[in-house]
Amino acid sequence: MAIDFNHTILPARNSEASAKFLAEMLGLPAPRRWGPFQMVTTENGANLDYMDTDAEITPQHYAFLVSEAEFDEIFGRIRERNLPYWADPGWTQLGEINHHDGGRGVYFEDPNGHLLEIITRQYGSGGWNP
């Protein structure tokens, strides 16, 4: 049996706005509601389900593998919105992108502080290993 990742739940202050942000930034179809969730579905069928909460949000990290052209489009939207971005998950290389494994990568935050990452090469695919 093949095992595929299906979904994860992201706590949000405003699930509708948060899901819309993610879908717009990644160029994905508009979110759809299912129960208490606003679901964003990736090309491979995995769902990121935003759910409203009043509790403290512990930011999580979510990475997306994209093509070079998609990277250009998404990175363009990051810059158009004047969002801060980093080359690293430690937020030390502000305003830079990385070139791990011969590709490109960048980190930015969603409205809840979740760290979103787009990469053009799978980690380890180009021999880069710090």
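An unreviewed UniProt entry lists the protein chain under the name VOC family protein, from Mesorhizobium onobrychidis.

A. Summary view of the sheet that holds strand β7 (residues 115-119). One open sheet accounts for three strands, arranged β5-β7-β6; its pairing is mixed. The open sheet has two edge strands with one neighbour each: β5 (61-65) and β6 (105-109). Across the sheet, the mean angle from the axis of one strand to that of its neighbour is 20°, orientation sign disregarded. Along the sheet, helix α2 (residues 68-80) makes contact with β6 and β7, crossing β6 at roughly 35°.

B. Focus on the pairing of β6. Most of β6 is tucked away: four of the five residues are buried. Sheet topology note: the β6/β7 ladder contains five bridges and is antiparallel. Bridge pairing in β7 links Tyr107 to Glu117. Following β6, the chain reverses through five residues before pairing antiparallel with β7; Gly113 in that reversal takes a positive phi of roughly 90°.

Parameters at a glance
- Residues numbered from 1 in each chain as written.
- Predicted model: local features only at pLDDT ≥ 70, side-chain atom pairs only at ≥ 80, totals over all residues.
- Heavy atoms only, no water.
- Pairing = 2+ DSSP bridges.
- Helix = DSSP H or I, 4+ residues; strand = E, 2+ residues; numbered from the N terminus.
- Axes fitted to C-alpha atoms, helices over the stretch in contact; angles between N-to-C directions.
- Contact = heavy atoms within 4.5 Å.
- Buried < 20%, exposed > 50% of the residue type's maximum accessible area, 1.4 Å probe, protein only.

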